[in-house]
Amino acid sequence: MSSLSFRQFLQTHKELIEQELKKYIEQLNAPAVLKEAMDYSLQAGGKRIRPMLVFSVLDALGKDTSIGLPVACSIEMIHTYSLIHDDLPGMDNDSLRRGKPTNHIVFGEANAILAGDALLTLSFGVLSEMNQTEVTAEQQIAIMQVIAQCAGAEGMIGGQTVDMASEGKTISLEELEYIHEHKTGKLLSASIITGAILGGADNDQLDALRKFSKHLGLAFQIRDDILDVEGNEELIGKPVGSDVDNNKSTYPALLTLNGAKEKLAAEINQAIHALESIRFENSYLMDLTKLVAERNM
């Protein structure tokens, strides 16, 4: 296990993944504008929560975190492609992302669509080329299957589809949880489960980490919804109230702001309970859980 402080762990791995993401783009034999558009959104900032989950699970299981670098890059590429497409005029029509003009504002709608498509495609190329001696072919295939399911129609894209169809409608809490468990939670879950596969987690650890990932994913989205109501626009990097403007159902809208905060606390507590059942000696996963609960961007 790493002896770094949580802050040092985040900073070290953030620098590592950002350098690696840039290398993947630089190595492409592709049109310059496409590479520029891909790199623009990949390097737009953020806490890199999904890669940090991959690294933290590996560390908790006593493994060298560097073996998770291709998986972490792949998931971050998929996450970034989803943000580019979410911001498009046909989706959320946002002009700011992390305090910067969105991809289609800078490069045009067609190039933004293609940049997202290229990142999604590249992500699986990265997974197919994993060549660490510590990773077996069985692990590699299992990881690709988990990511494909969590990112596709049964996961993130399915959740986004229901989210779009629900705009301007009153939906139940159960329907809202489906949207967020899939749209946001599944890719977070993929980060945790693929880290567990790489780290050789046993069945009990995998079951506990699946429960952890479900509650953490919901907590992440509830915190997002709360920030859209009372967040600092400069910190979150986009206008506050965009969910209301887009007629989206949110936890504060369904439960009131205080109710959403109570729901957030409940999900965080259940995530912590799942982690505690694994009895890791020392885990950055607990720190990440608290970060999700308290983040302001």
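It should be noted that the structure appears before, not after, this text.
So, here is what we can say about the structure in this document. Predicted model, so just to flag it, every value in this text is computed and none were measured.

A short note on the packing of aromatic side chains
For any two aromatic rings, the description comes down to two numbers: the centre-to-centre distance and the angle of the planes.
In step 1: Taken as a whole and judged by the stated rule, the model has three aromatic pairs.
In step 2: On the basis of an interplanar angle of 25° and a centroid distance of 6.3 Å, the ring pair of Phe6 and Tyr284 is categorised as stacked. Note that Phe6 is positioned in helix α1 (residues 6-26) and Tyr284 in helix α15 (residues 284-294), a separation of 278 residues in sequence.
In step 3: We classify Tyr284 as buried; its relative accessible area is 4%.
In step 4: Taken together, a centroid distance of 5.5 Å and an interplanar angle of 75° make the contact between Tyr40 and Phe107 edge-to-face. Residue Tyr40 is found in helix α2 (residues 32-42), and its partner Phe107 is found in helix α5 (residues 103-107); the two are separated by 67 residues along the sequence.
In step 5: Accessibility expressed as a relative area gives 22% for Tyr40, which makes it partly exposed.

Focus on the nonpolar core
In step 1: Formed by 82 residues in total, the largest nonpolar core has its most connected members in Val71, Leu209, Phe212 and Leu285.
In step 2: Excluding anything up to four places from it in sequence, Val71 contacts Val54, Leu127, Met130, Ile143, Ile147, Thr194 and Leu198.

A look at the state of the cysteines
What makes a disulfide is a covalent bond joining the sulfur atoms belonging to two cysteines.
In step 1: Across all of its chains, the model carries zero disulfides by this definition.
In step 2: Here Cys150 stays free of any disulfide, with the sulfur of Cys73 as its closest cysteine sulfur at 18 Å.
In step 3: The class for Cys150 is buried, based on a relative accessible area of 8%.

Quick word on the layout of surface pockets
In step 1: Estimates place the volume of the second largest pocket at around 290 Å³.
In step 2: What lines the second largest pocket is a set of 14 residues, and nearest its centre among them are Cys150, Lys186, Ser189, Ile193 and Ser213.
In step 3: Elements with a minimum of two residues in the lining of the second largest pocket: α7 (137-151), α9 (173-198) and α10 (203-230).
In step 4: Of the residues that constitute the lining of the second largest pocket, the class distribution is four nonpolar, five polar and five charged.

What counts as what
- Residues numbered from 1 in each chain as written.
- Predicted model: local features only at pLDDT ≥ 70, side-chain atom pairs only at ≥ 80, totals over all residues.
- Heavy atoms only, no water.
- Phe/Tyr/Trp six-rings, centres within 6.5 Å; stacked < 30°, edge-to-face > 60°.
- Helix = DSSP H or I, 4+ residues; strand = E, 2+ residues; numbered from the N terminus.
- Buried < 20%, exposed > 50% of the residue type's maximum accessible area, 1.4 Å probe, protein only.
- Core = buried A, V, L, I, M, F, W, Y, C linked by side-chain atoms within 4.5 Å.
- Contact = heavy atoms within 4.5 Å.
- Disulfide = S-S within 2.5 Å.
- 1 Å grid on protein atoms, 1.4 Å probe; cavity = no way out; pocket = protein on both sides within 12 Å on 5 of 7 lines; lining within 4 Å.
- Points joined across faces, edges and corners; volume = space filled by probe spheres on them.
- Nonpolar A, V, L, I, M, F, W, Y, C, P; charged D, E, K, R; others polar.

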